[in-house]
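As a plain string of letters, each chain reads:
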Amino acid sequence: MIPRLSLIERDRAAIWHPYTQAHTASSPIPIISGKGSYLFDEQGKRYIDAISSWWVTLHGHAHPYIAEQVGRQFDKLEQVIFAGFTHLPAIELAERLLKILPVGQDKIFYSDNGSTAVEVALKMCLQYWYNKGAPRKKILAFEHGYHGDTFGAMAVSGRSAWTAPFSSLLFDVLYIPVPTLENIEATKLVIKQHCQDIACFIFEPLVQGSAGMLMHSVVQLDELLVHCRNCDILLIQDEVFTGFGRTGKIFAADHLVTKPDLVCLSKGLTGGTMPFGITSCCNQIYEAFLSEDLYKTLFHGHSFTANPLACVAALASLDLLETKYTQDNIGRIDAQHKGFSAEMSDEKKILNIRQCGTILAFDWYDGSHPSYFSALRNKLYHYFLDRGILLRPLGNTLYLVPPYCTSEEDLNYIYGTIKVALTDL
Ligand SMILES: *Cc1c(COP(=O)(O)O)cnc(C)c1O
């Protein structure tokens, strides 16, 4: 008899998971199905997905409307080469996005995920200057930023333990702190000194997700962007996380006066149902690539560029995002987060409680040194899992990024569980 192995045993034998450390590796939880804001494991145990499965799920899992639209498309056309060919879902999605993206976005370039959306944006900017015959090689970026795990995206992210093994191979990046009233003049001076060399500024607007949901001011970011524009630095707004309602508006750009030259989208783009990425740009950039000279072509294209199923999923997700139901839910989650933040303002173990739209975060203070690898992090992770809530702290930072369909009761249950945890842990 061949012994029947459990899913966990089979997983262990064959799979290398991301972000898994040997000494803390606890068994992954096999998930069998999802419905709305819930995930169900093998035993039928229910988890509230309070982090939208790594910040992607907008309308809930296995949404019937998205499933239906994607299913119909599958029957018609599941994939076609996008060099020399085109299709209706790609055209419709591009037209629709250009209507809602910040003013000045004129062209849509398709890829597969957030990191590739960033790679494409960087290549567009670097080659823009190359094509103009005035090459620039420095990139401006925020300290502690995160733009993905592929080489270029990693190079423009903050340097850390993650990037250490590759440090000698990474780009020439000029790091600046996120702007505050106190530091902005000094930062502007540094940028001015290097501006002839800087091809572009890549930034996460308003919220730095992976850094620990750090938030900065709209007013100072706007001031910084104006300064960069005056220095002729192209602006890449990485909305991979903040896009599609997370900050309370469709894009974080909608809070800002200064509009970017390029925008990166992924995560919530398909409602979190499929890998997909988009880099949009203004005509000024596109036109620098229109030439009789073959060497001025953007030689970049992924096998699954503009996959029709992903395009249809994105169109369906936009339909849902624009409904009153979803917009009301985004407003409700924002209001509930504000209520909880106010309630927690005097709590000694909760530091720096911060909120932007549907994103809520705070630092858990237990006297220990805060670190991504802290014991507290693992304790919190398992505490909430045991109580049917998927929260995945970044070090001692606990955050909520729920799907918009998360009910008022479920959110209250999560807040309530946090309150109990404050006395338990
Ligand atoms: C997640 C993320 C990325 C990378 O996206 P992937 O699809 O994981 O490659 C890039 N930028 C930001 C701001 C992100 O949060």
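Refer to the structure above for everything that follows.
The structure contained in this document is the topic of the report that follows.

Definitions and limits used
- Residues numbered from 1 in each chain as written.
- Predicted model: local features only at pLDDT ≥ 70, side-chain atom pairs only at ≥ 80, totals over all residues.
- Heavy atoms only, no water.
- Phe/Tyr/Trp six-rings, centres within 6.5 Å; stacked < 30°, edge-to-face > 60°.
- Helix = DSSP H or I, 4+ residues; strand = E, 2+ residues; numbered from the N terminus.
- Buried < 20%, exposed > 50% of the residue type's maximum accessible area, 1.4 Å probe, protein only.
- Lys NZ or Arg CZ within 6 Å of the ring centre and 35° of its normal.
- Pairing = 2+ DSSP bridges.
- Axes fitted to C-alpha atoms, helices over the stretch in contact; angles between N-to-C directions.
- Contact = heavy atoms within 4.5 Å.

1. Let's talk about the packing of aromatic side chains
Phase 1 of the analysis: The full count for this structure, using the stated rule, is 15 aromatic pairs.
Phase 2 of the analysis: Considering the side-chain rings of Trp 55 and Tyr 399, the 6.0 Å spacing of their centres and the 85° angle between planes classify their relative orientation as edge-to-face. Of this pair, Trp 55 sits in helix H2 (residues 52-55) while Tyr 399 sits in strand E16 (residues 397-400), placing them 344 residues apart in sequence. For the pair Trp 55 and Tyr 399, one class covers both residues: buried.
Phase 3 of the analysis: Taking the centre distance of 5.2 Å and the plane angle of 85° together, the rings of Phe 142 and Phe 201 count as edge-to-face. Linking Phe 142 in strand E5 (residues 138-142) with Phe 201 in strand E7 (residues 198-203), this pair joins segments that are 59 residues apart in sequence.
Phase 4 of the analysis: Relative accessible area serves as the criterion here: at 2%, Phe 142 is assigned to the buried category.
Phase 5 of the analysis: A network of ring pairs unites the aromatic residues Tyr 19, Trp 54 and Trp 162 as a single cluster.
Phase 6 of the analysis: Between the NZ or CZ atom of Arg 136 and the centre of the ring of Trp 129, over which it lies, the distance is 3.8 Å.
Phase 7 of the analysis: Positioned over the ring face of Tyr 381 is Arg 377, at 4.9 Å from the centre of the ring.

2. A closer look at the sheet that holds E16
Phase 1 of the analysis: Overall, antiparallel pairing links the 3 strands, which are arranged E13-E14-E16 in an open sheet. Whereas interior strands pair on both sides, the edge strands pair on one side only; in this sheet they are strand E13 (350-356) and E16. Taken pair by pair, the neighbouring strands of this sheet meet at an average axis angle of 15°, ignoring direction.
Phase 2 of the analysis: As paired elements, strand E14 (residues 359-364) and E16 share 4 bridges and run antiparallel to each other. The partner of Leu 360 across the bridge, within E16, is Leu 400.
Phase 3 of the analysis: Docked against the sheet, helix H11 (residues 324-343) engages E13, E14 and E16, running at close to 160° with respect to E13.

3. Notes on the sheet that holds strand E2 (residues 38-41)
Phase 1 of the analysis: Read across the sheet, 4 strands follow the order E1-E2-E3-E15 without closing on themselves; strand pairing throughout is mixed. Here the strands that pair on one side only, and so sit at the sheet edges, are strand E1 (31-35) and strand E15 (389-390).
Phase 2 of the analysis: Of the pairings in the sheet, the one linking E1 to E2 comprises 4 bridges and is antiparallel in character. Each residue of the ladder has a partner; that of Gly 34, found in E2, is Leu 39.
Phase 3 of the analysis: With respect to the sheet, helix H13 (residues 408-424) is in contact with E2, strand E3 (46-49) and E15, its orientation differing from that of E3 by roughly 95°.

4. Section: the pairing of E5
Phase 1 of the analysis: Of all 5 residues making up E5, 5 are buried, and the element is well covered by its neighbours.
Phase 2 of the analysis: Here E5 shows no split at all, with Lys 138, Leu 140 and Phe 142 on one side and Ile 139 and Ala 141 on the other all buried.
Phase 3 of the analysis: Relative to E7, E5 runs parallel, the two being bridged by 4 bridges. Its bridge partner lying in E7, Ala 141 is registered against Ile 202.
Phase 4 of the analysis: Of the pairings in the sheet, the one linking E5 to strand E6 (residues 173-176) comprises 4 bridges and is parallel in character. Along E6, the bridge assignment pairs Ile 139 with Val 173.

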